[in-house]
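Take a look at the letters that make up each chain.
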Amino acid sequence: MAGKTHYKQWVSAVALTATIWSGAAGSIPMASAATNPFSDVKSGHWAEKHVTKLALQGIILGSEGKFRPSDTIRREDAVIVALKFMGLADEIDTSSAIAFPSTFQVDDYAKPYVMEAFRRKLLLTDEEYALANSEKQSWGKAGASREWVARLLVRAIGKEAAAEANAGKSTSFSDNAKIDDVYRPYVLTAVQEGLVAGVTPTTFEPKQAINRASMATLFSKAESKVSVAYSGQVSGVLMSVKNNQLTLLHDDGSLHVYTLTPETMYARYDSDKPIDASALKLYSKAILIHDSNGAIGYVEQTDDNAYVKTVDGTFTKYSSSRSSVYLTVGDAITEYFYDSASEPAVTDAQGNTIKLADIPANAPITLTVDTIRSQPKIIAVAVKQALVNKTGKGNVVSWNASTGELQVSDPSTGSTETWSVSPQAAFTLGGIPVKSDALKAGNSISYEIKAGVVTGVAIDKPLTTSASGTLFDVSKTSRTIQFTENGELKAKFLADTVKVVIQGMASPGIDDLQKDDNIALTLDSNDKVTQITVTNRSVQYLTGATVVGYLADIKQLTLKDASGTPHNFILDTSVKYDQNGFAIDASQALAKLTTGKKITVSYSGDKAITIFFNAKYDGTVLENNLTSKQLTLRLDATNVVTVPYTYPYVEIYGVSTASFADIKPGDQVSVMLNDNQDQVYSIMVQKSAQYQIVSVDVFGNKLQLQKPDATTSESVSVPMNATLLDENGSAITLSRLVAGNTVNVTLSGKSTLTKLKVVPTVYGKVVAVNAAASTVDLLLPNGSTVTRTIEASPLILKNSTSNTSLSVLQPNDRVEIRKDESDKTIIEVIPGLQREFWQSTGSTFKVKVTNVNENNVYNFSTSTYIHQGTTPLAITQLANGDKITIYVWKNQVMEIEK
């Protein structure tokens, strides 16, 4: 689905009170999946569903992980929400300077949005200027009243005409007279559309300021009234929800499987509360919204209609080549088709999964077919008798010996099946007969099924087992670990290689374990410990702390964090010391622990693990306060540091003379501190750009790079520690790069290359274009055909013009498809040159020309695709006078067609 709104990761910094809604600063603090991302909207909050939905759609943003649902929404921020709701925010130039009358005050970050609202008549100047003149406060910062928001909402859904028709009419509220005449038609329209209700059953409270949670609820419910494609959102009919996967049938007839997580939120159109996945109704319509990690974060069923029908009959046969099933109903045989890429789910009378090929002729079946596609297709086949005879392998999910019900999962597919086990079934463990109670959840088994019933189960000998308890002692000398379990002291031998896991600690070892740790042990088939996981403690970080003092006699280090809170740590012999990524010994480190020194410490409890003397920070700018001259950086998901500066040296690629005023929120930067770590002395901004490699100097560690459409190139040094990646993201050396490669380059400062990745490109002939499904079928030079799915709003360059619709592509167009530095798809159409072949010599060939200005000599290589129709040719098979079409791209002959 084409998207109009997009998640914004980097935005301008303004006061917190102005950013919760507008997104002028900060970004949604996405969780690993997509549960409500705000810490102050607890599970069960009355607006939890609507807040989560709008956050994932990018309509609302939080700040520092909070949403402040009970705070009043400003008028200017309500306008921004309305424009994002309408899918218009990305069309606004937020860099333009806008001036309003002095009596009409709007914060700078909101001015472009308010101007756009005036332009689109979402707001009217005479109404809002008059409102501003009647108040003694800033128009933009004033709280949005319920009646004012009702008008904004009605206009946002395009119901201005309905409001005009309601002019002069009264609402049914007892405080109808309190609603201003100019707002009353809009309040009435909003009520009629089912968008707003009274504060009580009888009162509307028009002057009451609306809070953020209510605002989210209003616009969430109003989405049913508009047609806006939000980024990351898809819609269709729910086909199945199982095994952490959801299958959706889209309106274009395509089936897609989406990944769910334990954090996915489920909802229905007729409820304000989240629901369980089991409450979703199959074959109804739904929307799915992706989170920032690509998993589905939100699923909402949008109606209760069933977009399927069932057909009963007798199975005649199926055809894999035609992707169809022949069904006999009475005396007539009818052919029903299924999606060739997705064979329908087939179950027998016991609910067991079988294949179409397993259905015997004349078996009674029920077909479930959709009513969405112009040609309905089979979704599921239910056989009305038990059929299964098979053997299989899997892992036991559950086993009930009393009822004989066995649930097994297939580790290769993740699918789960439930079977009945015969009372006479044979059980073995490692080839030795055992009783049925030897079977446990988690066992790996092989099993045999006859007529839908399990007749034999072979339990594999487990490769690993587990144990847990409280650590008493561990010895590297004797290779043993002692622990107590339920008050009993136990001991195990350590394997030759033992992995230690402590949350938050990089590469912990045996020496990092502490007595009385709660531990979980993994043991191999020889009962030796291969992994020790500490479960009751984790390693935390204190970033940018100030040294108060170090008492050498008791080895106690006292620090003060940014808020002035003291922290005491014990420095024993196991503490590690790090200076800018390099280990230093204790004597060097302790000498640096002088009062006022800035350090970072990782710790568990009161025990320091590692002390970092950092003179460099790499992170994302959250705020650059030009008044206090302080730079706030997010180093990672949990660490934020604020560092002061005076007049630091600043480098930005493409900017000849940069200063600290050029540093913006969202910039990726490397910050160097002075020796005392209390002042920034240099800031290197990281920028990404796309280039084509002109030449590679392996011995000089240099690349000659040229930007697309540029006529000149530039030389860039490649440091030894630079990250170089191929098209698949695998590390490579400089020697693997070749002239002609398109690469995305990250530069720190003006010219320091930190990362380079080869951009995957594909060249081919357009066979077919499906604009509705956003796909392009390409015939590659090797003769194979591939289908490329193109995300929303690609940049298509054809005949020196730019387009975003796939409809401009035509069959037989030659194209190159790649991604730019922002991961946006670029499709360039390569024009063909009509020429007459003359002769070839070595790696060049000549053509006949009609004027002296035409090039008549071309270089070709082994990768040049030379052909006539689908028949490959050698250059020597071209004769003087042959009509040829030459496709030249980036100074390379890609194709010669006779």
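Just so it is clear, the structure is predicted and the values come from calculations on it, not from any experiment.

A. A look at the overall build of the protein. In terms of helices and strands, the protein carries 10 helices and 55 strands. With the principal axes as the frame, the protein shows a C-alpha extent of 90 × 85 × 85 Å. Residue burial in the protein is summarised as follows: out of 898 residues, 45% are buried. For the protein, the proportion of contacts with a sequence separation of at least 24, taken over those separated by at least 6, is 57%. Of the accessible surface of the protein, which amounts to about 44000 Å², a share of 49% is contributed by carbon and sulfur atoms. Positive and negative side-chain charges in the protein, numbering 84 and 91 respectively, have mean positions lying 1 Å apart.

B. A look at the sheet that holds strand β1 (residues 233-242). Spatial ordering of the open sheet is given by β3-β2-β1-β5-β6-β4, a layout of six strands whose pairing is mixed. Edge positions in the sheet fall to β3 (255-259) and β4 (265-268), since each of these pairs with one other strand and no more. Looking at each pair of strands side by side, their axes are set apart by 40° on average, direction ignored. Relative to strand β5 (residues 285-290), β1 is paired through five bridges, and the arrangement is antiparallel. Bridge assignment links Val237 to a residue of β5, and that residue is Lys285. Strands β4, β5 and β6 (296-301) of the sheet are contacted by helix α2 (residues 48-56), whose axis makes an angle of about 120° with β6.

C. The arrangement of the pairing of strand β12 (residues 364-370) in detail. Here β12 lies mainly inside the structure; six of its seven residues are buried. Where strand β7 (residues 308-319) meets β12, seven bridges bridge the pair, whose relative direction is antiparallel. Looking at β12, one finds that Thr314 is bridged to Pro364. The sheet contact formed by β12 and strand β13 (residues 377-383) spans five bridges and is antiparallel. Looking at the pairing, Thr368 lines up with Ala380 of β13. Between β12 and β13, which pair antiparallel in sequence order, lie six residues.

D. Broad picture of the packing of helix α6 (residues 146-156) against helix α8 (residues 184-192). Running from amino to carboxyl end, α6 crosses α8 at an angle of 65°, the nearest separation of the two axes being 8 Å. Between α6 and α8 lies a crossing whose hand is left-handed. Listed contacts from α8 to Glu147, Ala150, Arg151, Val154 and Arg155 of α6 are Tyr186, Val187, Thr189 and Ala190. Here the residues of the contact of α6 with α8 sort into five nonpolar, one polar and three charged.

E. Focus on the pairing of strand β22 (residues 488-501). Pairing between strand β21 (residues 480-485) and β22: six bridges, direction antiparallel. The residue bridging Ile481 from the neighbouring strand is Lys492, located in β22. From the end of β21 to the start of β22, which pair antiparallel, there are two residues, and Asn486 there has a positive phi angle of about 55°. Bridge count between β22 and strand β24 (residues 529-534): four bridges; the pairing is parallel. Its bridge partner lying in β24, Val501 is registered against Thr533.

F. Broad picture of the packing of helix α3 (residues 75-85) against helix α9 (residues 212-222). Look at α3 against α9: their axes get within 11 Å of each other, and the N-to-C directions meet at 20°. When the axes of α3 and α9 are compared, the pair comes out roughly parallel. As α3 runs across α9, the sense of the crossing is right-handed. Along its contact with α3, which presents Ala78, Val81, Ala82 and Phe85, the element α9 presents Met215, Phe219 and Ala222. By residue class, the composition of the contact of α3 with α9 is seven nonpolar, no polar and no charged.

G. Structural view of the packing of aromatic side chains. Here the structure, examined in full by the defined rule, presents 17 aromatic pairs. Aromatic pair Phe845 and Phe860: ring centres 6.1 Å apart, planes at 50°, arrangement tilted. Here Phe845 is found in strand β50 (residues 844-848), whereas its partner Phe860 is found in the loop between β51 (857-859) and β52 (865-868), with 15 residues between them in sequence. By way of ring pairs, the aromatic residues Phe100, Phe104, Phe118, Tyr129, Trp139 and Trp148 are connected into one cluster. Note that Arg146 overlies the ring of Phe204, its terminal NZ or CZ placed 4.4 Å from the centroid. Lys629 extends its terminal NZ or CZ atom over the ring of Tyr647, reaching a point 3.8 Å from the ring centre.

H. Local environment of the nonpolar core. Counting residues in hydrophobic clusters, the biggest one holds 64 residues, and the most contacted among them are Phe85, Leu123, Trp139, Trp148, Leu152 and Phe219. Taken together, the elements giving at least two residues each to this core come down to α2, α3, α4 (111-119), α5 (125-133), α6, α8 and α9. Those residues in contact with Leu123 that sit more than four places away from it in its chain are Val79, Val114, Ala117, Phe118, Glu128, Trp139, Trp148, Leu152 and Arg155.

I. Representation of the sheet that holds β52 within the structure. Spatial strand order, β51-β50-β49-β54-β55-β52-β53: seven strands in an open sheet with mixed pairing. Each of the sheet's edge strands pairs with one partner strand only, and the pair in question is β51 and β53 (871-872). In terms of strand pairing, strand β49 (residues 832-841) meets β50 through five bridges, oriented antiparallel. Looking across to β50, one finds that Thr841 is bridged to Thr844.

J. Expanded view of the confidence of the model for the protein. On average, residues of the protein score 85 in pLDDT, and 95% of them reach the 70 mark or higher. Per-element averaging of pLDDT across the protein places helix α1 (residues 19-22) at the bottom with 33 and α6 at the top with 95. Below pLDDT 50 for its whole length, residues 1-34 participates in 117 contacts with residues either more than four positions away or in separate chains.

K. Main features of unusual backbone geometry. One non-glycine residue, Asn244, lies in positive phi territory at about 60°. Tracing the backbone through its elements, the reader meets Asn244 in the loop between β1 and β2 (245-249). Of note in the backbone geometry, Ser774 takes a positive phi value of approximately 60° without being a glycine. Along the polypeptide, Ser774 turns up in the loop between β42 (762-770) and β43 (775-779). Judged by its relative accessible area of 23%, Ser774 falls in the partly exposed class.

L. Expanded view of the pattern of salt bridges. Applying the stated criterion to the full structure yields 41 salt bridges. Taking the shortest distance from any N to any O, the salt bridge between Glu127 and Arg151 comes out at 3.2 Å. One end of the pair, Glu127, is in helix α5; the other, Arg151, is in helix α6, with 24 residues separating them in the sequence. With a relative accessible area of 24%, Glu127 lands in the partly exposed category. Using a relative accessible area of 4% as the deciding quantity, one classes Arg151 as buried.

What counts, and where the lines are drawn
- Residues numbered from 1 in each chain as written.
- Predicted model: local features only at pLDDT ≥ 70, side-chain atom pairs only at ≥ 80, totals over all residues.
- Heavy atoms only, no water.
- Helix = DSSP H or I, 4+ residues; strand = E, 2+ residues; numbered from the N terminus.
- Buried < 20%, exposed > 50% of the residue type's maximum accessible area, 1.4 Å probe, protein only.
- Contact = heavy atoms within 4.5 Å.
- Areas by Shrake-Rupley, 256 points an atom, 1.4 Å probe, with all protein chains shown as cover.
- Lys, Arg positive; Asp, Glu negative; His and termini not counted.
- Charge placed at Lys NZ, Arg CZ, Asp CG, Glu CD.
- Pairing = 2+ DSSP bridges.
- Axes fitted to C-alpha atoms, helices over the stretch in contact; angles between N-to-C directions.
- Left-handed = near helix turned anticlockwise from the far one by under 90°.
- Nonpolar A, V, L, I, M, F, W, Y, C, P; charged D, E, K, R; others polar.
- Parallel < 35°, antiparallel > 145°, perpendicular 65-115°, else oblique.
- Phe/Tyr/Trp six-rings, centres within 6.5 Å; stacked < 30°, edge-to-face > 60°.
- Lys NZ or Arg CZ within 6 Å of the ring centre and 35° of its normal.
- Core = buried A, V, L, I, M, F, W, Y, C linked by side-chain atoms within 4.5 Å.
- pLDDT = per-residue confidence, 0-100.
- Salt bridge = Lys/Arg side-chain N within 4 Å of Asp/Glu carboxyl O.

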